[in-house]
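So you can see what is in the structure, the chains are spelled out below.
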There are 2 protein chains.
Amino acid sequence: MDAPTDRLAAMVARLRERGHRISPQRLAILGHLVESPDHPTAETLYRRLLPRFPDLSLATVYKTIAALKACGEILELQFSGQDNRYDAACPTPHPHCICLACGAIADPPAPGVQAMAKALAEATGYAITSHRLDFYGLCPACRRKREQRQERE
Amino acid sequence: MDAPTDRLAAMVARLRERGHRISPQRLAILGHLVESPDHPTAETLYRRLLPRFPDLSLATVYKTIAALKACGEILELQFSGQDNRYDAACPTPHPHCICLACGAIADPPAPGVQAMAKALAEATGYAITSHRLDFYGLCPACRRKREQRQERE
DNA sequence: TTGTATGCAAACACTTTGCACGAAA
DNA sequence: TTTCGTGCAAAGTGTTTGCATACAA
């Protein structure tokens, strides 16, 4: 059994134990979430599942995400200007590298985050329980494109 | 001349050199931004200035913020569920500690952020230009309240 | 059989925009 | 005198909600 399959089973079990039911739509949404390393938006999820569920509703996607949020089984990256992005493969806070050109999101290794959180807790007196670490820039592909464009000029 | 006054002058100068005009409303918004260490929302700014400008419009606040954003003179912390928060006192990216109970935002010292950004750039191939570091938890006051409530139970 | 999930449409909250008027430069 | 800023109202955008029906357990 591979990691996504385990993860899917864990999510289903968690939803069930919280009294949620597993409809075909919901199962498909969960399945797609764990298999998508690209941190999809609700809209993206919806569009990708439409071929399989021709009258799927965006509301259903949002409601499923809400259930996952309530269970702590999904990480929501909020943006006020664009759609929120979701990470259900690894629902605990971790850093992200976000491409400003194409919107790609990568999950880099996170050395030293805990130490930083501890230092900030001591400096401010806050009791820190969670965090959000986003690094913005250009992904390798967009960086290459930009370099080529500059060479041409 | 104290720091907020300097900062205000710098913001005015920057807006002017970009061709913007300084109306009394705009000056008041800027003034309030540099004096507010609490990272206000557009709505908060609006409510605080209403006594001085009884027919101030929220649109004017947003338009002024937009001008500041275009000049790189304000840091916008986006939230999709709540109002965005603004920091014009220090418009370059820096960590924030955000209280989940009362919404307070503190500016802790930031040791090691650059090192982390560099490590992530190397690990992912991203060209990192900016970042957002939010730590969520309870501020000292809300932590105290919660402890007292637990003692009573 | 009971209660939750679905899908539709309407409602929401925050932010942005269009426009006519007024004011900064 | 020439823009640009203002204030109002309307439009946008992404997300949530109400409700009747369908379906999981």
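Residues numbered from 1 in each chain as written. Chains lettered and ligands numbered in written order. Predicted model: local features only at pLDDT ≥ 70, side-chain atom pairs only at ≥ 80, totals over all residues. Heavy atoms only, no water.

Residues and elements named next belong to chain B. Of the two faces of strand 3 (residues 96-99), both are covered, the one formed by His-96 and Ile-98 as well as the one formed by Cys-97 and Cys-99. Bridging between strand 3 and strand 5 (residues 127-138) involves four bridges; their strand directions are parallel. From the neighbouring strand, Ile-98 faces strand 5, where its bridge partner is Tyr-136. As paired elements, strand 3 and strand 4 (residues 105-106) share two bridges and run antiparallel to each other. (Buried < 20%, exposed > 50% of the residue type's maximum accessible area, 1.4 Å probe, protein only. Helix = DSSP H or I, 4+ residues; strand = E, 2+ residues; numbered from the N terminus. Pairing = 2+ DSSP bridges.)

Let us now look at unusual backbone geometry. Within the chain, His39(A) stands out as a residue other than glycine whose phi angle is a positive 55 degrees. Topologically, His39(A) is positioned in the loop between helix 2 (24-35) and helix 3 (42-49).

So, about the UniProt feature "binding site: Fe cation" (unreviewed entry) in chain A. Look at the UniProt record and you will see "binding site: Fe cation" (unreviewed entry) annotated at His131(A). Topologically, His131(A) is positioned in strand 5 (residues 127-138). Those residues in contact with His131(A) that sit more than four places away from it in its chain are Pro93(A), His94(A), Val113(A), Gln114(A), Asp134(B), Phe135(B) and Tyr136(B). (UniProt positions renumbered as here; feature names shortened; annotations may be inferred. Contact = heavy atoms within 4.5 Å.)

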